[in-house]
Amino acid sequence: MVMEYSFQPYLAAVQTNWYRDDPLLGQLLSHYAGDPDAETDNALNRWGETVAGPLRMLAEASARPESRPRLRHFDAHNRRVDQVILPESTLEALREIGGRQRLSAVHHDPFVFYTHTYLYAQNDETGVGCAMACTDGMVRALEALGDRDEHRLAVAAIRGSTAAHVCHGAQFVTEIQGGSDVPANDLDALPEGDTYRLHGPKWFCSNINADYFLVTARPRGAPDGSRGVGLFLVPAYLEGNDWQRNGYTIDRLKEKLGTRELATAEVSFNGARAYPVGPLDKGVSNVLKYVLVTSRFYCVLTAVAFLRQAERVINAYTEFRTAFGRKLVEFPLVRETLSKIRSVRATYLAVVFELLQWWEKSQKNEQPATGDFRIMMSLSKAVITAQTTHYLHEAMMLLGGNGIEECFSPLPRLYRDGVILETWEGPHNVLFTQALRDMQRFEIDPAAFVSRIAGEKRTDLSKKLEKMLAMADDPETTLAFAALANPLVEAFGERLLSESNVR
Ligand SMILES: Cc1cc2nc3c(=O)[nH]c(=O)nc-3n(C[C@H](O)[C@H](O)[C@H](O)COP(=O)(O)OP(=O)(O)OC[C@H]3O[C@@H](n4cnc5c(N)ncnc54)[C@H](O)[C@@H]3O)c2cc1C
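Treat the numbers as computed from the prediction; the structure is a model and nothing was measured.

> Quick rundown of a nonpolar patch on the surface? Include the residues and the values.
On the surface, Ile176, Trp203 and Phe204 cluster together into a nonpolar patch covering about 290 Å² of accessible area. Summarising the element assignment, tryptophan 203 is placed in strand E5 (residues 195-206).

> For the site of the ligand, give the residues involved together with the corresponding values.
In the vicinity of the ligand lie 20 residues, with Val173, Thr174, Gly179, Ser180 and Ser206 positioned nearest. For the ligand, a nitrogen atom lies 2.9 Å from a polar atom in the backbone of phenylalanine 204. The side chain of tryptophan 424 places a nitrogen or oxygen atom 3.3 Å from a nitrogen atom of the ligand. When the ligand is considered free in solution it has 970 Å² of accessible area, and contact with the protein chains removes 68% of it.

> An account of the side chain of threonine 216 is needed here, citing residue identities and associated values.
Residue placement: threonine 216 occurs in strand E6 (residues 212-219). Judged by relative accessible area, which is 0%, threonine 216 ranks as buried. With sequence-adjacent residues up to four places away left out, threonine 216 is seen in contact with Phe172, Val173, Glu175, Asn185, Leu187, Lys202, Val229, Gly230, Leu231 and Val287.

> Break down the pattern of salt bridges for me, with residues and values.
A full pass over the atoms with the stated rule returns 35 salt bridges. Across the salt bridge formed by aspartate 41 and arginine 20, the nearest N and O atoms sit 2.9 Å from each other. Pair noted here: aspartate 41 is in helix H3 (residues 38-52) and arginine 20 is in the loop between helix H1 (8-14) and helix H2 (23-33), with a separation of 21 residues, a long-range link. Of the residues examined, arginine 20 reaches a relative accessible area of 43% and is grouped as partly exposed. One salt bridge in this structure joins aspartate 149 and arginine 152, with 3.2 Å as the shortest N-O distance.

> Let's hear about the pairing of strand E9 (residues 264-276): which residues, and what values?
The buried count for E9 comes to 10 of 13 residues, which makes it a mostly enclosed element. Sheet topology places E5 next to E9; 9 bridges connect them, and they run antiparallel. When the bridges of E9 are listed, proline 201 appears paired with serine 268. Of the pairings in the sheet, the one linking strand E7 (residues 230-235) to E9 comprises 2 bridges and is antiparallel in character. For leucine 233, the partnering residue across the bridge sits in E9 and is tyrosine 275. Bridge count between strand E8 (residues 248-253) and E9: 5 bridges; the pairing is antiparallel. By the bridge assignment for E9, threonine 249 is matched with serine 268.

> Summarise the packing of helix H5 (residues 88-100) against helix H7 (residues 126-145); cite the residues concerned and give the values.
For the pair H5 and H7, the least separation of the axes is 9 Å and the interaxial angle reads 40°. When the axes of H5 and H7 are compared, the pair comes out oblique. In this structure, the crossing between H5 and H7 has a hand that is right-handed. In contact with Thr90, Ala93, Leu94, Ile97 and Gly98 of H5, H7 contributes Gly127, Val128, Ala131 and Met132. In terms of residue class, the contact of H5 with H7 is made up of 6 nonpolar, 3 polar and no charged.

> Could you give an account of the nonpolar core, naming the residues involved and the relevant values?
For soluble globular proteins, nonpolar side chains are generally found buried alongside one another. Core analysis: the largest hydrophobic core is formed by 109 residues, its most contacted members being Tyr114, Met376, Leu379, Leu411, Phe449, Leu465 and Phe481. In terms of residues, this core owes the most to one element, helix H9 (residues 283-320), which gives 17 residues. Not counting the four nearest positions on each side in its chain, phenylalanine 481 is found in contact with Leu379, Phe432, Ala435, Leu436, Met439, Leu465 and Met468. Listed in part, the 26 residues of the second largest apolar core include Leu187, Ala263, Phe269 and Ala272.

> A description of the environment of arginine 68 should follow, citing residues and the corresponding values.
Within the secondary structure, arginine 68 is located in the loop between helix H4 (54-63) and strand E1 (70-74). A sequence separation of 192 residues divides arginine 68 from arginine 260, and the C-alpha atoms of the two residues are 6.5 Å apart. Sequence-distant contacts of arginine 68, that is, excluding residues within four places in its chain, are made with Ile85 and Arg260.

> Outline H3, supporting the account with residue identities and numerical values.
With 15 residues, H3 should reach 21 Å at 1.5 Å per residue; the first-to-last C-alpha distance of 21 Å fits that figure. For H3, the set of buried residues is Leu44, Trp47, Gly48, Val51 and Ala52. Viewed end-on, H3 has its buried residues packed into an arc of 120°, placing them on one side of the element. Exposed residues on H3 whose side chains face more than 90 degrees from its buried face are Ala38, Glu39 and Arg46.

> Outline the environment of aspartate 438, listing residues and values.
With respect to the secondary-structure elements, aspartate 438 resides in helix H14 (residues 428-441). Remark: the alpha-carbon pair of aspartate 438 and isoleucine 375, spanning 63 residues in sequence, is separated by 6.5 Å. With residues up to four places along the chain from it excluded, the contact list for aspartate 438 reads Arg374 and Ile375. In terms of polar contacts, aspartate 438 uses its side chain to reach the side chain of arginine 374, at 3.1 Å.

> Tell me about the packing of aromatic side chains, and name the residues and values.
Tallied over the full model, the rule gives 21 aromatic pairs. Their ring planes at 75° and their centres at 5.2 Å tell us that tyrosine 114 and phenylalanine 297 sit as a pair that is edge-to-face. With tyrosine 114 in helix H6 (residues 110-121) and phenylalanine 297 in helix H9, this pair connects stretches of sequence that are 183 residues apart. The class of phenylalanine 297 is buried, set by a relative accessible area of 0%. Connected via pairs of aromatic rings, a cluster forms that spans Tyr5, Phe7, Tyr10, Tyr317, Phe320 and Phe408. A cation over an aromatic ring shows up here: lysine 254 above the ring of phenylalanine 204, its NZ or CZ 4.4 Å from the ring centre.

About the criteria used
Counting from 1, residues in each chain are numbered in the order their sequence is written. Only residues with pLDDT of at least 70 are given local features in this predicted model, and only at 80 or more are side-chain atom pairs given and counted; all residues enter the totals for whole chains, interfaces and linings. With hydrogens and water stripped out, all remaining heavy atoms of the structure feed into the side-chain values. For patch detection, residues must exceed 30% relative accessible area and be free of salt bridges, and they are connected within 9 Å for like charges or within 5 Å for nonpolar side chains (Val, Leu, Ile, Met, Phe, Trp, Tyr). Using a 1.4 Å probe, the Shrake-Rupley method yields the accessible areas, and only the shown protein chains count as cover for residues. Criterion for a salt bridge: a side-chain nitrogen of Lys or Arg within 4 Å of a carboxyl oxygen of Asp or Glu. Helix and strand assignments follow DSSP, with helices taken as H or I runs no shorter than four residues and strands as E runs no shorter than two, numbered in order from the N terminus. For this purpose, a residue is taken to be near a molecule or strand whenever a single non-hydrogen atom of the residue falls within 4 Å of it. Whenever a nitrogen or oxygen atom comes within 3.5 Å of another N or O atom, the pair is scored as a polar contact, on the condition that within protein one atom can donate a hydrogen and the other can accept it, and that pairs from neighbouring residues in sequence are kept only if both atoms are in side chains. Burial status follows relative accessibility: with a 1.4 Å probe on protein chains alone, a residue under 20% of its type maximum counts as buried, one over 50% as exposed, and anything between as partly exposed. Contact between two residues is taken to exist if any of their heavy atoms lie within 4.5 Å; hydrogens are not considered. Any two strands are treated as partners once DSSP identifies two or more bridges connecting them. Lines fitted to C-alpha atoms define the axes, with helix axes restricted to the stretch in contact, and inter-axis angles between N-to-C directions lie between 0 and 180 degrees. Reported orientations rely on four angle classes, namely roughly parallel under 35 degrees, roughly antiparallel over 145, roughly perpendicular from 65 to 115, and oblique for the rest. In a left-handed crossing the near helix is turned counterclockwise from the far helix by less than a right angle, and in a right-handed crossing that turn is clockwise. Any residue outside Ala, Val, Leu, Ile, Met, Phe, Trp, Tyr, Cys, Pro, Asp, Glu, Lys and Arg is labelled polar, Gly included; the first ten of those are nonpolar and the last four are charged. For our purposes a nonpolar core is just a set of buried Ala, Val, Leu, Ile, Met, Phe, Trp, Tyr and Cys residues, chained together by side-chain atoms within 4.5 Å. Between the first and last residue of a helix there are one fewer steps than residues, each counted as 1.5 Å, and that sum is the expected span. The arc in question is traced by the directions running from the helix axis to the C-beta atoms. Here the aromatic set is Phe, Tyr and Trp, taking the six-membered ring for Trp, and pairing holds for ring centres within 6.5 Å; pairs whose planes are under 30 degrees apart are stacked, those over 60 apart are edge-to-face, and all others are tilted. Geometrically, a lysine NZ or arginine CZ counts as sitting over a ring once it is within 6 Å of the ring centre and also within 35 degrees of the ring normal.

What follows is the structure, encoded as structure tokens:
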């Protein structure tokens, strides 16, 4: 007779405290930010329990097919409202993360702040994660460039978020003719006094339920190319109104492979009031400097959070499950996958912390050079998100059929959303091309660069890079560069881990 089969030991092993069960996270935090004081440590400890308990359950509820965001064009009084209906689970997670914890705009120590982010990102509730990433970028842009009351009001509302009202932002750059080629943006911005009116469509508008949007558009009469694209702040609703949208319609919600908890829309602007942000001939560079760099950092951080979740799930499952009278973990092939995923997660987490440190320094114009930061951010985003999808696939395979079942573990969801992390904010090719261009622009010396990134012993990598840069105008070079990116990012993380003396 088959005994009643119980998954309880596996469940108990994955529902621990996600801060406490991750010594590497604590060690890297101490290395980069100093040992947390008792108050910070207690807060992280409580957060480790919250993300593994109530927030995990909310994320699971949001992921169910019946919880998908819906769009209601008209209300019962024939008013065009274009209301985005989100499930209560997403709204409650937003209240906790954006409201009570205020994790949408950096405050206090950035390393502690992003450690909180890393922990909740392990749940992969994209209705919340995307909102927080976009809002962080918006606040950075408005605090650096803002010079009008509308800018200050938006920042104050976001920073003043509470559980009763979470104020958040979104960013709309991509148009139907292409997302990578931002200088080809065609949305029309018509001047009206010291404001503008926007006319035309945007093609991928995530977090469309936000209160404010950052939108790129071409001021009427501006030249072609990047100098003709400006950046604008657009409130979601008309002033003093909570139902009438500010001169745009939400035409359709995307049906996506991943990030299904997140409402991503196709939008038509037909006279939306827009407030310029920064010089209008610098829209593209400002989007890159404040908004895209933030989103790319979130992509890398979130990818590593996914790997941590996968590592936890497969550790627990292979310790619990038996086949042919042995625990799965005892099979050499299983151990090989476990060890590889453990190792890449550690390496990539070190990269996340280092990139954050470089980002902080570059904002204060301190060393290391902006060039190194830009290049490694582009390469890390391309490499780490692609490798994450690969390893999530491997992790799912370790659970066999249960790995494919949507409600057994979060792995299928993480896998689908891993693909979105790869696409969003710059597909691989674009990032490799950009990194290569930056290498030329900052006149990078290959040997010195590789020594800074990977350590002086990695002459194998510097020789390859030298050869490649010598033929930088050859179309084949981008291919060679793409192949070099993976070992370079791995070597970067390996060096950081050994120098920080953790593991
Ligand atoms: C779920 C989801 C949510 C999104 N949310 C938003 C959002 O909120 N706001 C927003 O603005 N956008 C959003 N996007 C759009 C996203 O940023 C774009 O999809 C992305 O920038 C790529 O643009 P594209 O899709 O037009 O592809 P394209 O730019 O048309 O690229 C297609 C292919 O061509 C390649 N390619 C392009 N240029 C080059 C080059 N120079 N060298 C080599 N190869 C090249 C690319 O790598 C890619 O493989 C979202 C996308 C997804 C999937």
